Amino acid sequence: MEQIVRDFNSYMDEIRMYSQLMGVAYFDANTVAPNTGVAARAKRDGFFSEKVFLMTTSDKMKGYLDELAPVADKLDDITRARFKKAKKNFDKSTKIPSQLVKEFSELKSKANVIWQEARKNDDFASFAPTLEQIVAKSKEAMEHRLEPGQSIYNAMLDDYEEGMNMEIYDKFFAQVREVVVPLLKAVVGSSKKIDAGFMNSQVDKADQEKISTFAAEKIGYDTARGLITESTHPFCSGTHKTDVRITTRYDERDFISSFYSILHECGHAIYEQSTCDTIAETELSRGASMGIHESQSRFYENVIGRSRGFWDYITKELKGYLPKSFDDVTSEQFYEAVNQAGPSLIRVEADELTYSLHIMIRYEIERMLFVDNLPVSELPRVWNEKYQEYLGITPPNNALGVLQDIHWSMGAFGYFPTYALGTAYASQFVSEMKKDLDFDGLIAKGDFAAITAWMTDKIHRHGSMHSPGEILEMVCGGGLDASHYTNYLKEKFEALYQVKV
């Protein structure tokens, strides 16, 4: 049995090496690779995707799983966790033909570039045929592995957040909507008006690059074990705790957009850099789930990065990187400006109050695609209608509407809800953290290390050794409770805008 355990772990390590290689290739394709190489990269991606798929579903893997199953409870903690994940993946993936996996991977590789061009040119029609194929392939793949009575979209939701389904998300979004929609109306109608015009002063790209490094290192991202560069859509990509990279994008008339994308991606990266050494050489070193991962990105971006204490602390140093037009701006003005709330079009630039409405729209549209079979051609119309319904605005074009996100070009259906879920998780974690730490006082002093140490002890170091439900139980003593999130929003924005809902 000891030899079987060693062989199983060695086999899992081999699979991980291929996965790491694919991660580096993905980072390269989305940052510096020329568009002329799309076809060649698609072929390569298809090859490695099929290779990993065949290894994870091979007779050899089945043999290891069959041998280990009777003694699973007696395995060491790490091997047992690897076994459980490998078995779950095997049981799902063996139902999908390897040729379909290869074709789907190649399609998504090409789709990413087609989406980028369509977004740049505001040309949904050029992307629609590819998106139709992605939706069709997604349905085909999921139909192969559905459990009895399970719907396609519920299976997708569970893939990104174990244990989640439409029933739970419907209840969650209903709770959020009940608080956020009337609160947004009160904010829009408030006599308190925030002047954020100064934030549109020009900040050269070179200075923003310095700000990115400054902000990342200040919040706790170890740049010696990472890299900051540009991409169309900001993301974090890690292959090992010693190599965790992040990207952003720059707008010289909106430096704060990049500033917050850096804080967001740093949340992901700090999580990846902080897993314990005992699991660093395994696939368990990644986060517990998309929702738990997003709890960290939204925590650093919003709970810390948009707090009054943070701006009281950071303003003086930040001004050292900004042009003279910012010299007279106070920390209170920065705080109010970065928390200005109101209807907006772009999810990644949405204020903290309305962000979950952007996610709710995407969740409802995905439901329509996979439950109601909404035609892809109808997406722009439905998208615009929902933005009008929930936010009171209509996108003037598709680049600012249905084409703004990368996720659907990746076939990542079921991913979006985890952003809102993670935001709610973050509020629950903070409620627990405040029982142990002077949270607000630490932020005011810039002692982010103490805060990260708490997160590392409770969450980061465990990687994906535990399910999201187990993480919540370990940290909070229970399951999802959206009231922490809605109470946080209510308290913050009622005070800021001097309203009462």
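What comes next is a walk through the structure. These numbers come from a predicted model, not from an experiment.

Quick word on the state of the cysteines
By definition, a disulfide links the sulfur atoms of two cysteines through a covalent bond. Enumeration over the complete set of coordinates arrives at 0 disulfides. The thiol of Cys236 is unpaired, and the distance to the nearest cysteine sulfur, on Cys266, comes to 8.6 Å. As a non-bridged cysteine, Cys276 has Cys236 as the owner of its nearest cysteine sulfur, 18 Å distant.

Things to note about the pairing of strand S3 (residues 243-248)
Buried residues dominate S3, accounting for 5 of its 6 residues. Bridge analysis of strand S1 (residues 226-230) against S3 gives 5 bridges, and the strand direction is parallel. Its bridge partner being in S3, Gly226 is matched across the sheet by Val244. Note that strand S2 (residues 236-240) and S3 share 4 bridges and pair antiparallel. Bridge pairing links His240 to Asp243 in S3. Hairpin connection of S2 to S3: 2 residues between the antiparallel strands.

Remarks on helix H3 (residues 59-68)
Buried within H3 we find Met61, Tyr64, Leu65 and Leu68. For H3, the buried positions fall inside an angular range of 95° around the axis, keeping them on one side. Where H3 is buried, its residues touch helix H1 (2-29), helix H2 (38-56) and helix H4 (77-93).

Side note on the side chain of Lys492
Counting through the fold element by element, Lys492 comes out in helix H20 (residues 483-497). Accessibility expressed as a relative area gives 10% for Lys492, which makes it buried. Of note is the side chain of Lys492, whose polar atom sits 3.2 Å from the backbone oxygen of Arg306. The contacts of Lys492, once residues within four sequence positions are left out, are Asn302, Arg306, Tyr335, Asn339 and Glu352.

Some details on the sheet that holds S2
Note on sheets: strands pair through backbone hydrogen bonds, and any given pair is parallel or antiparallel. Spatially, S1-S3-S2 is the arrangement adopted by the 3 strands of the open sheet, whose pairing is mixed. Because the sheet does not close on itself, it has two edges, and the strands there are S1 and S2. Direction aside, the axes of adjacent strands within the sheet are offset by 15° on average. Running over the sheet, H1 touches S1, S2 and S3 and is turned about 150° from S2.

What to know about the packing of H1 against H3
Remark: H1 packs on H3, axes separated minimally by 10 Å, with the N-to-C direction vectors making an angle of 140°. Judged on the interaxial angle alone, H3 and H1 are oblique. The interaxial crossing formed by H1 with H3 has left-handed handedness. Here Ile4, Val5, Asp7, Phe8, Tyr11, Met12 and Ile15 of H1 come into contact with H3, specifically with Lys60, Met61, Tyr64, Leu65, Glu67 and Leu68.

A few points about the nonpolar core
The tendency in soluble globular proteins is for nonpolar side chains to be buried as a group. Ranked by internal contacts, the top residues of the largest apolar core, which has 124 residues, are Phe299 and Trp311. Excluding residues that lie within four positions of it along the chain, Trp311 makes contacts with Ile256, Phe259, Tyr260, Gly305, Arg306, Leu318, Ser331, Phe334, Tyr335 and Val338. If you look at the next biggest cluster of nonpolar residues, it comprises 16 residues, including Ile15, Ala72, Leu75 and Phe83.

Here's the deal with the packing of aromatic side chains
Across all of its chains, the model carries 35 aromatic pairs by this definition. Judged by centre distance (6.1 Å) and plane angle (90°), the rings of Trp383 and Trp408 are edge-to-face. Taken together, the positions of Trp383 in helix H15 (residues 379-391) and Trp408 in the loop between H15 and helix H16 (417-436) put the pair 25 residues apart, joining distant regions of the chain. Assessed through its relative accessible area of 1%, Trp383 is described here as buried. The cationic tip of Lys108 hangs over the ring face of Phe104; the distance from NZ or CZ to the ring centre is 4.4 Å. Directly above the aromatic system of Tyr260 lies the positively charged group of Arg306, at a separation of 3.7 Å from the ring centroid.

A word on the pattern of salt bridges
Taken as a whole, this structure holds 36 salt bridges when the rule is applied. Between Asp91 and Lys87 there is a salt bridge whose closest N-O contact spans 2.9 Å. Of this pair, Asp91 and Lys87 both sit in helix H4, 4 residues apart, which is roughly one turn of the helix. Accessibility expressed as a relative area gives 35% for Asp91, which makes it partly exposed. You can call Lys87 partly exposed: its relative accessible area is 32%. Here Asp405 makes a salt bridge to Arg347, at a shortest N to O gap of 2.9 Å. With Asp405 in the loop between H15 and H16 and Arg347 in the loop between helix H13 (331-338) and helix H14 (355-370), this residue pair connects regions lying 58 residues apart in the sequence. Overall, Asp405 belongs to the buried group, its relative accessible area being 8%.

Rules and cut-offs
- Residues numbered from 1 in each chain as written.
- Predicted model: local features only at pLDDT ≥ 70, side-chain atom pairs only at ≥ 80, totals over all residues.
- Heavy atoms only, no water.
- Disulfide = S-S within 2.5 Å.
- Buried < 20%, exposed > 50% of the residue type's maximum accessible area, 1.4 Å probe, protein only.
- Helix = DSSP H or I, 4+ residues; strand = E, 2+ residues; numbered from the N terminus.
- Pairing = 2+ DSSP bridges.
- Arc of directions from axis to C-beta.
- Contact = heavy atoms within 4.5 Å.
- Polar contact = N/O pair within 3.5 Å; in protein donor to acceptor, adjacent residues only side chain to side chain.
- Axes fitted to C-alpha atoms, helices over the stretch in contact; angles between N-to-C directions.
- Parallel < 35°, antiparallel > 145°, perpendicular 65-115°, else oblique.
- Left-handed = near helix turned anticlockwise from the far one by under 90°.
- Core = buried A, V, L, I, M, F, W, Y, C linked by side-chain atoms within 4.5 Å.
- Phe/Tyr/Trp six-rings, centres within 6.5 Å; stacked < 30°, edge-to-face > 60°.
- Lys NZ or Arg CZ within 6 Å of the ring centre and 35° of its normal.
- Salt bridge = Lys/Arg side-chain N within 4 Å of Asp/Glu carboxyl O.

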